[in-house]
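An overview of the molecular structure
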Amino acid sequence: MAAGSVPLLSEDAVPLQECRDLIASLPVDHRVVPVRQYQGFWWPESTLPGVIAVQRHFKSRPDDVFLATYPKSGTTWLKSLAFAVTTRSQYPLSDHPLLQINPHQCVHSLERMFNRGRSSEIDALPSPRILATHMLHSVLPDSIAASDCRIVYLWRDPKDVIVSAWHFGEKVLGTREYQAEWPVDKVAMAHCEGISTHATIWDHILGYWRARMHRPEKILFLRYEEMLAEPAANLKRMADFLGCPFSPEEEKAGMVEEIVTLCSFNNLSGLAINKPSSDVTDEGTKLQLLNNASFFRKGERGDWRNHMSPEVARRMDEMTMEKLQGSGLSF
Ligand SMILES: Nc1ncnc2c1ncn2[C@@H]1O[C@H](COP(=O)(O)OS(=O)(=O)O)[C@@H](OP(=O)(O)O)[C@H]1O
């Protein structure tokens, strides 16, 4: 790719046209995928138009709900749970949309929709809207940060996030060389040195955590490992926070457990809709490779042990302790 050119996810997307000059003028790094430095952070070039378009054009409503995550922290799971819990009076669980479509089609990713020129679909959604974002809290448009909307933030052990992202990267880039050139340990150490997209995992978490200090009743913090350990209790916390608590009758009828099962890794990853699609090839573009199956891998805690050396894992844990120290957020 010529230096300065912007890769096209969708040629005709308005945000791309609008941001082309700005993006082309930003510092670029081509070592893995092209990334550009914007507002103090490195962003994949392919997602930046959507981020800028969201900042310029998105208008939040006070009753919006945002599902915020660092990539690979459990976004797919969170989307499925939030969608299932808030729409439970509309759909029988035995014939639920999540059995037919992927969670990413049930809850739209804000910057991705803008990236594809589909922001009007976001505008047309009835209130209360549920939207997802990977954007850092500090780069959210004022209309989100300043509005009264609720945010559910899900975080995960950074070691497992790195490992999950590493596997995903191999799929997205579609090259076998990627794994050889960028083994997990190297990716993790680079992350510890601040070389990452979407900021570091720690800065991402802390941004939302600090915002929560100011609006504790509007920002709910969930942790992937705790959700695995106690899915029903965490689902109930989320339902309470979203203003749709389970009634005693629903609880007695086993509704909480049914939603947990519907959204479980084993259930969702086993559905035909979430199986690898045959038209995906190693030569595919990033978009083609983002098939539903790529959002499901193991769905466990601690897979880092199979991919990361003990020394690098220790370094990552030290970073986590250092970064979170004094924040009130415990690891
Ligand atoms: N239902 C459910 N339950 C538990 N875990 C799940 C579920 N769905 C997806 N996953 C696991 O989440 C990891 C993918 O993270 P994200 O969904 O955040 O990816 S993305 O940012 O939307 O691309 C990825 O983790 P790893 O398995 O460790 O790679 C997925 O397997």
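Up top is the structure.
Below: a short report on this structure. (Residues numbered from 1 in each chain as written. Predicted model: local features only at pLDDT ≥ 70, side-chain atom pairs only at ≥ 80, totals over all residues. Heavy atoms only, no water.)

This paragraph deals with the sheet that holds strand β6 (residues 130-133). Taken in spatial order, the five strands make up an open sheet running β5-β6-β4-β7-β8, and their pairing is parallel. Edge positions in the sheet fall to β5 (108-109) and β8 (219-223), since each has one partner strand and no second. Here two bridges tie β5 to β6, and the two strands are oriented parallel to one another. From the neighbouring strand, S109 faces β6, where its bridge partner is A132. Lying on the sheet, helix α3 (residues 75-86) is in contact with β4 (65-69), β5, β6, β7 (150-155) and β8; it crosses β4 at an angle near 160°. Contacts between helix α13 (residues 231-241) and the sheet are confined to β7 and β8, with β8 contributing the most and set at about 170° to the helix. (Pairing = 2+ DSSP bridges. Helix = DSSP H or I, 4+ residues; strand = E, 2+ residues; numbered from the N terminus. Contact = heavy atoms within 4.5 Å. Axes fitted to C-alpha atoms, helices over the stretch in contact; angles between N-to-C directions.)

A few words on the pattern of salt bridges. All chains considered together, the criterion is met by 14 salt bridges. With a closest N to O distance of 2.6 Å, R36 and E45 form a salt bridge. Taken individually, R36 and E45 each receive the classification buried, so the pair is uniform in this respect. As a salt-bridge pair, R88 and E250 come within 2.9 Å of each other at their nearest N and O atoms. One end of the pair, R88, is in the loop between α3 and α4 (103-106); the other, E250, is in helix α14 (residues 248-252), with 162 residues separating them in the sequence. Of the residues examined, E250 reaches a relative accessible area of 19% and is grouped as buried. (Salt bridge = Lys/Arg side-chain N within 4 Å of Asp/Glu carboxyl O. Buried < 20%, exposed > 50% of the residue type's maximum accessible area, 1.4 Å probe, protein only.)

Looking now at the sheet that holds strand β1 (residues 28-29). Taking strand neighbours across the sheet as the criterion, the three strands line up as β1-β2-β3 in an open arrangement whose pairing is antiparallel. What marks the edges here is a single partner per strand, and that holds for β1 and β3 (41-44). Bridge count for strand β2 (residues 35-38) against β3 is four bridges, and the pairing is antiparallel. Note on β3: the bridge partner recorded for V35 is P44. Packed on one face of the sheet, helix α2 (residues 48-57) meets β2 and β3 and runs near 25° to β2.

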